[in-house]
Amino acid sequence: MDYKFIDGGVTAPQGFTAQGVCASIKPSNTTKRDLALIYCNTLCNSAAVFTKNLVKSDAITVTQEHLENGKAQAVIVNSGNANTCNADGYEKAQQMCALTARALSVNEEDIIVASTGVIGQMLPIEPVIKGIEMMKGNLTKEGGTNAAEAIMTTDTVKKEMAMEVTLDGKKVTIGVIAKGSGMIHINMGTMLSFVTTDAAVSSQMLKEALLEAVEDSYNMVSVDGDTSTNDTLAILASGKAGNKEITEKNEDYKIFVSALSELFKVIAKKLAADGEGATKLLICNVSGAKTKTDAKGIAKSIIGSSLVKAAMFGADANCGRILCAIGYSGMNVDVKKADVSYKSAKGEIEVCKDGLGIQFSEEIAKEILLEKEIEILVNLKDGNGQAEAYGCDLTYDYVKINGDYRT
């Protein structure tokens, strides 16, 4: 496919500007950016997918209502407070939209709103008012990276990327920012991720594209097995690239979905590597499964296993934990056919053959597992199903971060 990664994020596509500021939404916050705004100078076709958790932020409810017509022009998002399980959550989410609409002179119904942070604490509106006023008139192309920083909570690095791809003979740009470090066991789209593009794509095709693109990318990430209450993945398309609008699943649609998938896979790995307290990125590649569904379920089961994650932290090549996770995955699998290997920049070592542990060098295995990126390779030798899942090790710091999270 004709695409290339370029510098930038959500402001790379034509028509988009952004900003992120410190509004001090948490009283103790005096320096961290915690309020982000993304804006397009034209009304966009738009779509989003959300968490499947039955407990969800009121920001999701408001955004779902606003996107019923498939249109949006701006995104307002805060970190530091999830605005979830609050008596006035819906009202606060509406207020955020109204304040943003007034500042930008656009319709309130054309605003996407999202929140991330502590659950069950009232969202103070005064800092939001101050922050929106700070950003009013200061939205720039350079502000996209500030927006990426502002949506972070326990993340240690910003996640932003952009890509150029050709559709209908026109150069099209796609930009993305994302956040997520803990409470990640994705089952829809992602924690928070916002995508912009200057491609001309109908709202319905944007929704279809998101649902397809997340399946082998964001939906294959697990940090701690907890599905967030605020997961939101939204996309806005300005149409300024001038390509013929994609209104059906034609060749241009397939190229667009493929580009989104590649972007999301790169971001998915960044999210997994930056899991709370993580020291290693884990990539589980399952091949030879009966079906792709089986491969996905097994890969996700392995990557989500606390015992596997702890073993990887300790550089312990314990194949029993891999086999255990395969066995309780609920997938259609013959464990007696499973081969397991570990691979990193230091080499590859097989630790299991036909479902049985085998002799191997513990010294070489440890050297392989001490690397920052580790592949867990599982060959089930029972079909053509293949899948890849992304996770991280489980460290002492994960408990410390989440034990002290509210303070």
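It should be noted that the structure appears before, not after, this text.
Residues numbered from 1 in each chain as written. Predicted model: local features only at pLDDT ≥ 70, side-chain atom pairs only at ≥ 80, totals over all residues. Heavy atoms only, no water.

Novice: I tried to follow the packing of aromatic side chains on my own but got confused; where do I start?
Specialist: In this structure the tally under the stated criterion is 2 aromatic pairs. Arranged with centres 6.0 Å apart and planes meeting at 85 degrees, the rings of Y3 and F5 form a pair that is edge-to-face. Summarising the aromatic geometry, the rings of Y218 and F264 are spaced 4.6 Å apart at their centres and angled 20 degrees between planes, so their arrangement reads as stacked. Remark: F264 occurs in helix 6 (residues 251-273) and Y218 occurs in the loop between helix 5 (203-215) and strand 9 (232-237); sequence separation between them is 46 residues. (Phe/Tyr/Trp six-rings, centres within 6.5 Å; stacked < 30°, edge-to-face > 60°. Helix = DSSP H or I, 4+ residues; strand = E, 2+ residues; numbered from the N terminus.)

Novice: Before we go on, may I ask you to explain the pairing of strand 12 (residues 347-353) in this structure?
Specialist: Walk down a regular strand and you will see the side chains alternate between the two sheet faces. Bridge analysis of strand 11 (residues 339-344) against strand 12 gives 5 bridges, and the strand direction is antiparallel. Note that in strand 12 the partner of S344 across the bridge is G347. Bridging between strand 12 and strand 13 (residues 356-357) involves 2 bridges; their strand directions are antiparallel. Of the residues in strand 13, the one forming a bridge with C352 is G357. Here strand 12 folds back onto strand 13 in antiparallel fashion, the turn holding 2 residues, of which D354 has a positive phi close to 55 degrees. (Pairing = 2+ DSSP bridges.)

Novice: What should I look at first to understand the pattern of salt bridges in this one?
Specialist: Once the charged atoms of two side chains with opposite charge are near each other, the side chains can pair. Considering all chains together, one arrives at 14 salt bridges under this definition. Between K92 and D88 there is a salt bridge, with the nearest N and O atoms lying 2.7 Å from each other. A relative accessible area of 11% means that K92 is categorised as buried. Through salt bridges with shared partners, a single network forms among E215, D216, K292 and K296. (Salt bridge = Lys/Arg side-chain N within 4 Å of Asp/Glu carboxyl O. Buried < 20%, exposed > 50% of the residue type's maximum accessible area, 1.4 Å probe, protein only.)

Novice: Would you mind going over helix 2 (residues 89-104) with me for this structure?
Specialist: Residues separated by three or four positions in an α-helix point in the same direction, a consequence of the helix having 3.6 residues per turn. Between the first and last C-alpha of helix 2 there are 23 Å, a value that for 16 residues agrees with the 22 Å anticipated at 1.5 Å per step. Regarding helix 2, the residues found buried are G89, K92, A93, M96, C97, L99, T100, A101, A103 and L104. Buried residues belonging to helix 2 abut strand 3 (35-50), helix 1 (58-66), strand 4 (71-79), strand 5 (111-116) and helix 3 (125-135). In the segment just after helix 2, S105 is the residue with positive phi, at about 60 degrees. (Expected span 1.5 Å × (residues − 1). Contact = heavy atoms within 4.5 Å.)

These results come straight from atomic positions and should not be treated as a statement about function.
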